[in-house]
Amino acid sequence: MRKYKFEAPQSFEELFEIMHRANFEKDEIKFVAGGTDFVPRLNFELNMIPSEQKQPLQIMYLGCLGIDSIIEKDGIISIGACCKLNDIMKNPVICEKLPVLVETISQMAGLTIRNTGTIGGNIMNASPANDSIPTFIVLDANFILKSEKKERTVKASEFFTGPGKTVAKPDEVLTRIEINLKKGHASFKKLGRRQAETLSVVNAAAYVEQENSVCKTVRVAVGSVGPTVIRCERVEVALRGKKLTEDVIKTASLKVLNEINPIDDLRASAWYRNKTAPVMVSRAIKAAAGIRGE
Ligand SMILES: Cc1cc2nc3c(=O)[nH]c(=O)nc-3n(C[C@H](O)[C@H](O)[C@H](O)COP(=O)(O)OP(=O)(O)OC[C@H]3O[C@@H](n4cnc5c(N)ncnc54)[C@H](O)[C@@H]3O)c2cc1C
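Being a predicted model, the structure only gives us computed values, none of them experimental. (Residues numbered from 1 in each chain as written. Predicted model: local features only at pLDDT ≥ 70, side-chain atom pairs only at ≥ 80, totals over all residues. Heavy atoms only, no water.)

A. Looking closely at the sheet that holds strand β12 (residues 200-211). An order of β11-β12-β13-β14 is seen for the four strands of this open sheet, with the pairing classed as antiparallel. Among the strands making up the open sheet, the edge pair consists of β11 (185-192) and β14 (230-231). Lying over the sheet, helix α11 (residues 270-289) contacts β11, β12 and β13 (214-223), oriented at roughly 30° with respect to β12. (Pairing = 2+ DSSP bridges. Helix = DSSP H or I, 4+ residues; strand = E, 2+ residues; numbered from the N terminus. Contact = heavy atoms within 4.5 Å. Axes fitted to C-alpha atoms, helices over the stretch in contact; angles between N-to-C directions.)

B. Geometry of the layout of surface pockets. Taken as a whole, the second largest pocket encloses approximately 250 Å³ of empty space. Along its surface, the second largest pocket is lined by 17 residues, and Lys97, Pro99, Gly184, His185 and Ala186 are the ones closest to its centre. Of all the secondary-structure elements, those providing two or more residues to the lining of the second largest pocket are α4 (92-97), α5 (99-105), β10 (173-180) and β11. Top element by residues in the lining of the second largest pocket is α5. It accounts for three residues. Counted by class, the lining of the second largest pocket contains nine nonpolar, three polar and five charged residues. No fewer than three residues from each of domain 2 (70-180) and domain 3 (185-289) sit in the lining of the second largest pocket. (1 Å grid on protein atoms, 1.4 Å probe; cavity = no way out; pocket = protein on both sides within 12 Å on 5 of 7 lines; lining within 4 Å. Points joined across faces, edges and corners; volume = space filled by probe spheres on them. Nonpolar A, V, L, I, M, F, W, Y, C, P; charged D, E, K, R; others polar. Domains from an automatic or database assignment.)

C. The arrangement of the side chain of Thr135 in detail. Counting through the fold element by element, Thr135 comes out in helix α8 (residues 132-138). Once you skip the residues sitting within four places of it in the chain, Thr135 turns out to touch Val100, Leu101, Thr104, Phe188 and Ala205.

D. Looking closely at the site of the ligand. Around the ligand there are 29 residues in total, and Phe31, Gly34, Thr36, Asp37 and Thr118 lie nearest to it. In the environment of the ligand, an oxygen atom lies 2.6 Å from a nitrogen or oxygen atom belonging to the side chain of Asp37. Taking Asp131, its side chain carries an N or O atom lying 2.8 Å from a nitrogen atom of the ligand. Protein contacts shield 86% of the accessible area of the ligand, which totals 990 Å² for the unbound molecule. Counting residues per element, the ones that place at least two in the shell around the ligand are β2 (28-32), α2 (38-48), α7 (119-125) and β10. (Near = heavy atom within 4 Å. Polar contact = N/O pair within 3.5 Å; in protein donor to acceptor, adjacent residues only side chain to side chain. Areas by Shrake-Rupley, 256 points an atom, 1.4 Å probe, with all protein chains shown as cover.)

E. The side chain of Asn203, seen in detail. Tracing the backbone shows Asn203 in strand β12. A distance of 2.8 Å separates the side chain of Asn203 from the side chain of Asp131, its partner in a polar contact. Among the polar contacts made by the side chain of Asn203, one reaches the side chain of Ser200 at a distance of 3.3 Å. In this view, Asn203 contacts Ala129, Asn130, Asp131, Pro134, Phe188, Lys189, Lys190, Ala221, Val222 and Gly223; residues no more than four positions away in its chain are not counted.

F. Structural view of helix α1 (residues 12-21). Residues of α1 that are buried: Phe12, Leu15, Phe16, Ile18 and Met19. The buried residues of α1 occupy one face: seen down the axis, they fall within an arc of 155°. Residues of α1 that are exposed and point over 90 degrees away from its buried face: Glu13, His20 and Arg21. (Buried < 20%, exposed > 50% of the residue type's maximum accessible area, 1.4 Å probe, protein only. Arc of directions from axis to C-beta.)

G. Highlighting the pattern of salt bridges. Under the defined criterion, the tally for this structure stands at 17 salt bridges. For Arg176, the salt bridge identified is with Glu178, shortest N-O distance 2.9 Å. Arg176 gets classed as partly exposed once you look at its relative accessible area, which sits at 24%. Taking the shortest distance from any N to any O, the salt bridge between Arg267 and Asp265 comes out at 3.5 Å. The class of Asp265 is partly exposed, set by a relative accessible area of 32%. (Salt bridge = Lys/Arg side-chain N within 4 Å of Asp/Glu carboxyl O.)

If you want it as structure tokens, here you go:
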């Protein structure tokens with residue numbers, strides 16, 4: 001039978017002290033926040049992996065570290081990694097200054113999961129079908145990682161390396177997400193097998209800043225069509241410096257097909273994802289550019 005040890009450190013000092021005490025060689029250390037991804041995975045592992053192959057597991061609960069507030073200072077919004085998804089949606093600063101995050105989270109999971117799951121857990125889960133990642137990429141968000149010796153900042157667009165994989169090291173905790181508020185608009189669109197409580201078949205986010213009706217800055221990201229969420233630079237190039245008409249957006253959105261590499265899975269075929277990705281990208285860009293329709 002695998003041995004489990006559960007700790008709920010009240011400060012980072014205590015967290016790193018416990019990590020020191022734990023034997024890194026023999027013990028596997030796992031962080032847990034809301035547990036909505038972690039617990040089902042543990043359950044799967046309990047049934048699937050023979051007990052003699054299981055190392056002792058040191059579970060570190062992050063919910064008492066005080067990284068669960070939302071602060072706006074000098075045009076930067078800082079969201080604590082342990083903020084619950086529903087609390088972010090209801091936060092007045094987010095509602096006023098980052099409505100795209102409300103638009104995104106309202107399409108994620110259901111009430112129960114959103115009441116328990118955290119934004120940090122969602123990011124660190126690093127699923128290619130994750131819904132918050134496209135939005136953080138187009139907002140040019142920074143993720144702040146803390147280890148015992150240092151704190152470092154990584155851009156959302158450079159954070160994910162594969163399914164379930166990030167540049168974070170095993171001893172680094174994601175403490176907060178920082179978003180520099182800009183004057184453009186962002187939008188998130190999701191296609192799922194049902195209207196609600198479903199994972200994305202394809203999702204897309206876009207950020208657009210226009211000057212005299214010409215597209216000045218644009219960022220586009222698409223999810224569930226490759227090993228990580230993908231930043232669509234060819235689509236962006238096709239939009240930059242242009243007046244954003246329906247035709248320009250439609251032509252640019254087709255360039256997403258040169259950037260994605262979808263697979264067949266339980267939720268959809270690669271064929272279907274290739275058909276729908278340009279449509280979702282186009283819808284996200286149009287909404288961010290303030291063009292009505294669909
Ligand atoms: C029924 C259901 C529906 C779902 N629907 C959606 C959906 O529509 N869209 C979507 O994007 N997701 C969805 N999810 C996924 C899940 O709800 C989210 O990913 C959730 O936000 C995870 O947060 P958590 O706090 O529960 O993470 P946990 O389960 O606690 O942790 C997840 C992972 O992140 C690590 N981790 C957590 N916090 C930190 C931190 N601060 N620093 C370092 N590592 C950390 C943990 O070690 C673990 O590996 C769904 C899940 C379920 C069960």
